[in-house]
Amino acid sequence: MSFESNKPRLRLRVSAVAETQLRAGHPWVFSESIREQNREGAVGELAVVYDRKDKFLAVGLFDPDSPIRLRVLHAGKPQNIDVAWWEARLREAVERRRGLFDDQTNGYRLINGESDGWPGLVLDRYDKTLVLKIYSAIWLPRFAEISEIIGTELKPERIVLRLSRNIQEAARKSISKRDGEILYGDRQDACSTFLETGIRFEADVCHGQKTGFFLDQRENRRVVESLAAGRDVLNAFSFSGGFSLYAARGGAASVTDLDISAHALESAKRNFALNQSNAAIARCRHESVQADAFDWLNAHERRKFGLIVLDPPSFAKRESERAGAIRAYERLAGLGIRHLGRDGILVACSCSAHVTAEEFFGAVRAAAEKSARKFREIQTTRHAPDHRAAFKEAEYLKGIYLHLF
Ligand code: SAH
């Protein structure tokens, strides 16, 4: 690339611990691990890490402004990072998902960041629309190259660009792109619908949270469908009703969506409307409540449900919030349990990467124990296969299912 061509290759040496981590496949090198650097590096520049014997260890994308100074693209034997290399990486990610979905599911993740070898980059498919979401400025200098490769290889009808908040300004300056811009294809139907296991959903791909839909919860939704028959279901933090539609299809007597956002509740209503051809969904009573979930659960002590889903936003955005988050998960699970009738099922999820699965499961189990009710653990769940987590820091999603008597 032009910004790299007339300078010697950026070369790094790292601490012994970081070398070991790189050899074990960890995708990040933190700034404090860097021992030597031959010159200053620009954002997104390719940098090579050499080990103590001067042998190639890894190559990655450099970021002088981030504590994660290098995001690894490849470790092991030296490789040339060119267009053919990127194409092969894209095919590899697509290949990994082959056989996971039939034609009843055309919304799923194609690239899950570091875990697929694309650090800080996500690619989601919503039927014929692809949503490319960039979380790190390292991609901005090679943005045109990457989006062209994606377009040529996957031939979508359109590609929508999403930018995490921290890089929106840099993207405006360096590539003149804004969050939600359509990169390729026409504007029509950009925010259209897709199928997840045969249920039709809308996704606000241009402006919605993440890339417009919580594709990561598909497997938990299927479990909820299998448990919902005949039950009155509360879906707290319902967003666009993902869990609700599955519960309805599974034969729930009623579904109550509870969310603080009117916008989210309206989207859930439209998703119910989109699926009226399914008899079970058409039959299910659907109610929406706009409120803070903690407040509402506190104030409506007498409302009982047969199945409650608690899938809140992350309670710990940073490490310092971890302990408070664990307490909040326990409090929320306790509130949920108070609304469960006899023979009720609690489904509690956490998407906080800073809270480990065991900490979260422990908090929910503690709430069940404090309720003094008998309970049985049905199962715990982790990442869906299209959201593979190949290293510890990438693991964020966990779910626990308790049956309370
Ligand atoms: N379960 C959803 C995803 C949840 S995203 C799914 O499967 O698609 C988190 C949701 O929580 C958002 O819709 C947000 O509006 C809502 N939310 C955030 N804080 C809230 C609060 N205090 N009370 C109720 N809803 C809240």
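Above: the structure in question.
Read on for a plain summary of the structure. (Residues numbered from 1 in each chain as written. Predicted model: local features only at pLDDT ≥ 70, side-chain atom pairs only at ≥ 80, totals over all residues. Heavy atoms only, no water.)

Quick notes on unusual backbone geometry
For clarity, the threshold we go by: Secondary structure counts use DSSP, requiring at least four H or I residues in a row for a helix and at least two E residues in a row for a strand, with both numbered from the N terminus. The buried label applies to any residue whose accessible area, calculated with a 1.4 Å probe on protein chains only, is under 20% of its type's maximum; exposed applies above 50%, and partly exposed to all values in between.
Positive phi, normally seen in glycine, also occurs at Lys-155, with a value near 45°. With respect to the helices and strands, the residue Lys-155 is situated in the loop between helix H4 (143-154) and strand S10 (158-163). The backbone of Thr-197 shows a phi angle near 45°, a positive value even though the residue is not glycine. Within the fold, Thr-197 resides in the loop between strand S12 (193-196) and strand S13 (199-202). We classify Thr-197 as buried; its relative accessible area is 16%.

Observations concerning the sheet that holds strand S15 (residues 254-259)
Convention followed: For two strands to be treated as a pair, DSSP must find no fewer than two bridges joining them. A fitted line through C-alpha atoms represents every axis, and for helices the fit uses only the stretch in contact; the resulting angles, taken between N-to-C directions, go from 0 to 180 degrees. Residues are treated as being in contact if the distance between any of their heavy atoms lies within 4.5 Å.
The seven strands lie next to each other as S16-S15-S14-S17-S18-S20-S19, forming an open sheet whose pairing is mixed. Two strands close off the open sheet at either side, each with one partner strand: strand S16 (285-290) and strand S19 (375-381). Between one strand axis and the next, the sheet turns through 15° on average, direction left out of account. One ladder, built from four bridges, connects strand S14 (residues 232-236) with strand S17 (residues 305-310); its direction is parallel. Following the sheet pairing, Leu-234 is matched in S17 by Ile-308. Across the sheet, helix H6 (residues 218-227) lies against S17, strand S18 (340-350), S19 and strand S20 (398-404), angled at about 15° from S20, the strand it touches most. Across the face of the sheet, helix H11 (residues 322-338) comes into contact with S17, S18 and S20 while running at roughly 155° to S18.

Some words on the site of the ligand
Worth spelling out the cut-off: If a single non-hydrogen atom of a residue is within 4 Å of a molecule or strand, that residue counts as near it. Throughout this description, a polar contact denotes any pair of N or O atoms lying within 3.5 Å of each other; where both atoms belong to protein, one of them has to be capable of donating a hydrogen while the other can accept it, and for residues adjacent in sequence the pair is counted only when both atoms sit in side chains. Where accessible areas are quoted, they stem from the Shrake-Rupley method and a 1.4 Å probe; at the residue level, only the protein chains shown are allowed to cover.
The ligand sits among 15 residues. The nearest are Arg-221, Asp-259, Asp-292, Ala-293 and Asp-311. In the environment of the ligand, a nitrogen atom lies 2.9 Å from a nitrogen or oxygen atom belonging to the side chain of Asp-292. Take Asp-311: an N or O atom from its side chain is 2.7 Å from a nitrogen atom of the ligand. Protein chains shield 89% of the accessible area of the ligand, which is 580 Å² for the free molecule.

Things to note about the side chain of Arg-218
As for its position among the elements, Arg-218 is in helix H6. Using a relative accessible area of 0% as the deciding quantity, one classes Arg-218 as buried. The contacts of Arg-218, once residues within four sequence positions are left out, are Phe-101, Thr-105, Gly-107, Tyr-108, Glu-196, Thr-197, Tyr-246, Ala-384 and Asp-386.

Things to note about the pairing of S15
Side chains on a regular strand alternate between the two faces of the sheet. Here is the rule: Here the term right-handed applies to a crossover when the path leading from its first strand over the helix to its second strand runs clockwise, the strands being oriented away from the viewer.
The element S15 is largely enclosed, with a buried count of six among its six residues. Neither face of S15 is open: one carries Ser-254, Thr-256 and Leu-258, the other Val-255, Asp-257 and Asp-259, and all of them are buried. Bridging between S14 and S15 involves five bridges; their strand directions are parallel. Along S15, the bridge assignment pairs Asn-235 with Asp-257. Handedness of the β-α-β unit built from S14, helix H7 (residues 242-249) and S15 comes out right-handed.

A few points about the pattern of salt bridges
The following threshold applies: The working definition used for a salt bridge is a side-chain nitrogen of Lys or Arg within 4 Å of a carboxyl oxygen of Asp or Glu.
Inspection of the entire model under this criterion finds 37 salt bridges. Residue Glu-114 is joined to Arg-71 by a salt bridge in which the shortest nitrogen-to-oxygen separation is 3.0 Å. With Glu-114 in the loop between strand S7 (107-112) and strand S8 (121-126) and Arg-71 in strand S6 (residues 68-75), this pair connects stretches of sequence that are 43 residues apart. Accessibility classification places Glu-114 together with Arg-71 in one group, the buried group. Among the ionic contacts, a cluster of salt bridges with common partners joins Arg-89, Glu-92, Arg-96, Arg-97, Asp-116 and Arg-388.

A few points about the sheet that holds strand S2 (residues 28-30)
Pairing is mixed in the open sheet, where six strands are placed in the order S2-S6-S5-S4-S1-S3. Strand pairing shows two members of the sheet lacking a second neighbour, S2 and strand S3 (34-37), which therefore form its edges. When strand polarity is set aside, the average angle formed by the axes of neighbouring strands in this sheet is 35°. In this sheet, strand S4 (residues 46-50) lies alongside strand S1 (residues 10-14) in parallel orientation, the contact comprising three bridges. Residue pairing in the sheet places Leu-10 in a bridge with Ala-47 of S4.

Brief notes about the pairing of S4
Of all five residues that make up S4, five are buried, and the element is covered over most of its length. In the sheet, S4 pairs with strand S5 (residues 56-62) via five bridges, with the strands oriented antiparallel. Considered in S5, the bridge of Val-48 is made with Val-59.

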